[in-house]
Amino acid sequence: MMMRLGLAALSPRGGLPAQGDGSAGDGPADDGSWAFAADAFEFAGAGAPPQDGAPVLLAALPEGAAAAAAAAGPYLTTYTSGLGGLGVVSDFNITIVFEGEWTTELQEEFILAAEYLSSIITGDIRNTRGGIDDITITATLLDIDGEGGILGQAGPTAIRRNSHIPSQGVMEFDTADAEISDDDALFDDIVLHEMMHCLGFGTTWKQAGLTTGSVRGDDMRFDGLNAEVAYMHIFDDLYAADPDRTDGVPVETDGGSGTAGGHWDDDTFENELMTGYIDDENYVSAMTVAALEDMGYDTVFEKWYPTIPILQPDDLLA
Ligand SMILES: [Ca+2]
Ligand SMILES: [Ca+2]
Ligand SMILES: [Ca+2]
Ligand SMILES: [Ca+2]
Ligand SMILES: [Zn+2]
């Protein structure tokens, strides 16, 4: 079944980080975080095609980037994870189809994110009738609105009927912002965050019946068993202090449509990667991996050993 969801759009809260003096409106929010604001699943509207941007010419990139790309040789058109790249061999495979013009530097962040996901998700997902094994993500770099404003958008575009596991997704980034965030060493985190949305994190929860409460009611919870176990054991202080802990893991209810309802609560989980606001430093907690397990993926999370350290993306580069 092809099922088009809206796309999760992301944009910085208060502008891009650290380009100016950090005054209000000129940089990130006071806490240095970015909002994946308007991460609105209804962003594109039901049935609306993804933004069909013209390819960005390398000449339109900042001079240094274009030169670096030219020096590094031609960019990839497709990449599949889990086949040994970065040392990762996994039955869970992500194929990225690159559209538009790319730099190898930016593509490296997609490769890292995909290999990372293949290292924490270990099990094969049944191929689609069309033979997709296990998800195809179309990644496009295009001119959207220049520096600031919209960073890009991402989300699943086709979902398996019974399992609710996506088989197709899109990730689109504004060229100007991608270059800047890559210079700020944030693009890798942004790409991984958005790739998680393509896998269904925060984007299929509701239809998969994994949440309770509501954004409107100002209390929404993810109530998958594995994530609840992770919440209890990894964030034990927060868990103990949470009067509604038995309802599940707190989900973001601020930030408006898209940010709300599709992320871990930022006030609670701060610089966890899958909160709706990205920080200068972010990490992937076992709770995020546990949520993927609850979504039907076979992952490295094991609920009997919830405190075992979770591999981080940079570990693949070590
Ligand atoms: Ca596979
Ligand atoms: Ca498969
Ligand atoms: Ca922009
Ligand atoms: Ca955060
Ligand atoms: Zn997000």
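Keep in mind it's a predicted model, so treat the numbers as computed, not measured. (Residues numbered from 1 in each chain as written. Chains lettered and ligands numbered in written order. Predicted model: local features only at pLDDT ≥ 70, side-chain atom pairs only at ≥ 80, totals over all residues.)

S.K.: I tried to follow the overall build of the protein chain on my own but got confused; where do I start?
M.R.: Secondary structure summary: the protein chain contains 8 helices and 11 strands in total. Here the protein chain holds 318 residues, and 51% of them are scored as buried. (Helix = DSSP H or I, 4+ residues; strand = E, 2+ residues; numbered from the N terminus. Buried ≥ 20, exposed ≤ 12 C-beta atoms within 10 Å, placed from the backbone.)

S.K.: Help me out: how do you make sense of helix α4 (residues 187-198) in this one?
M.R.: The α-helix advances 3.6 residues per turn, and as a result positions three or four apart in sequence lie on the same side. Here α4 is 12 residues long and its end C-alpha atoms lie 16 Å apart, about the 16 Å a rise of 1.5 Å per residue gives. Of all the positions in α4, only Phe187, Asp188, Asp189, Ile190, Val191, Leu192, His193, Glu194, Met195, Met196, His197 and Cys198 are classed as buried. Just beyond α4, the residue with positive phi is Gly200, at close to 115°. (Expected span 1.5 Å × (residues − 1).)

S.K.: For this particular structure, what's the right way to read the pairing of strand β7 (residues 166-174)?
M.R.: Successive side chains on a regular strand alternate, one facing one side of the sheet and the next facing the other. For β7, a buried count of 9 out of 9 residues is recorded, marking the element as mostly surrounded by other parts of the structure. For strand β6 (residues 152-159) and β7, the ladder comprises 7 bridges, and the chain directions are antiparallel. Looking at β7, one finds that Pro156 is bridged to Gly169. The antiparallel hairpin formed by β6 and β7 contains 6 residues in its connecting segment, where His164 sits at a positive phi of about 65°. (Pairing = 2+ DSSP bridges.)

S.K.: What exactly am I supposed to notice about the nonpolar core here?
M.R.: One broad trend across soluble globular proteins is that nonpolar side chains are buried collectively. Grouped together as the largest cluster of nonpolar side chains are 66 residues, with contacts concentrated most on Ala113, Leu117, Ile137, Met195 and Ala290. Per-element tally for this core: the top contributor is helix α2 (residues 104-120), with 9 residues. Looking at this core, you find at least three residues from each of domain 1 (8-45 + 63-198) and domain 2 (211-317). Beyond its immediate sequence surroundings of up to four residues, Ala290 is in contact with Asn226, Ala227, Val229, Ala230 and Phe301. (Core = buried A, V, L, I, M, F, W, Y, C linked by C-beta atoms within 7 Å. Domains from an automatic or database assignment. Contact = placed C-beta atoms within 7 Å.)

S.K.: Sorry if this is basic, but what is going on with the pairing of strand β8 (residues 211-214) here?
M.R.: Bridge count for β8 against strand β9 (residues 219-222) is 4 bridges, and the pairing is antiparallel. Following the sheet pairing, Thr211 is matched in β9 by Phe222.

S.K.: Mind showing me how you'd approach the sheet that holds β9 here?
M.R.: Backbone hydrogen bonds are what pair the strands of a sheet, in a parallel or an antiparallel way. Here 3 strands make up an open sheet; going across it, the order is β8-β9-β10 and the pairing antiparallel. A single partner strand is all that each edge strand has here, and the edge strands are β8 and β10 (249-251). On average, each strand axis in the sheet is tilted by 30° relative to the strand beside it, whichever way the strands run. (Axes fitted to C-alpha atoms, helices over the stretch in contact; angles between N-to-C directions.)

S.K.: Before we go on, may I ask you to explain helix α3 (residues 175-183) in this structure?
M.R.: For α3, the tally of buried residues reaches 8 of 9 residues, placing the bulk of the element in the interior. Phi turns positive, to about 60°, at Ala185, one or two residues after α3.

S.K.: What am I meant to see in the packing of α2 against α4 here?
M.R.: The angle between the axes and the distance between the axes are what describe a pair of packed helices. At a minimum axis separation of 9 Å, α2 and α4 run at an interaxial angle of 50°. Accordingly, the angle class assigned to the pair α2 and α4 is oblique. Between α2 and α4 lies a crossing of right-handed hand. Contacts between α2 and α4 involve Leu106, Glu109, Phe110, Leu112, Ala113, Ala114, Tyr116 and Leu117 from the former and Phe187, Asp188, Val191, Leu192 and Met195 from the latter. Looking at side-chain class alone, the contact of α2 with α4 contains 11 nonpolar, no polar and 2 charged residues. (Parallel < 35°, antiparallel > 145°, perpendicular 65-115°, else oblique. Left-handed = near helix turned anticlockwise from the far one by under 90°. Nonpolar A, V, L, I, M, F, W, Y, C, P; charged D, E, K, R; others polar.)

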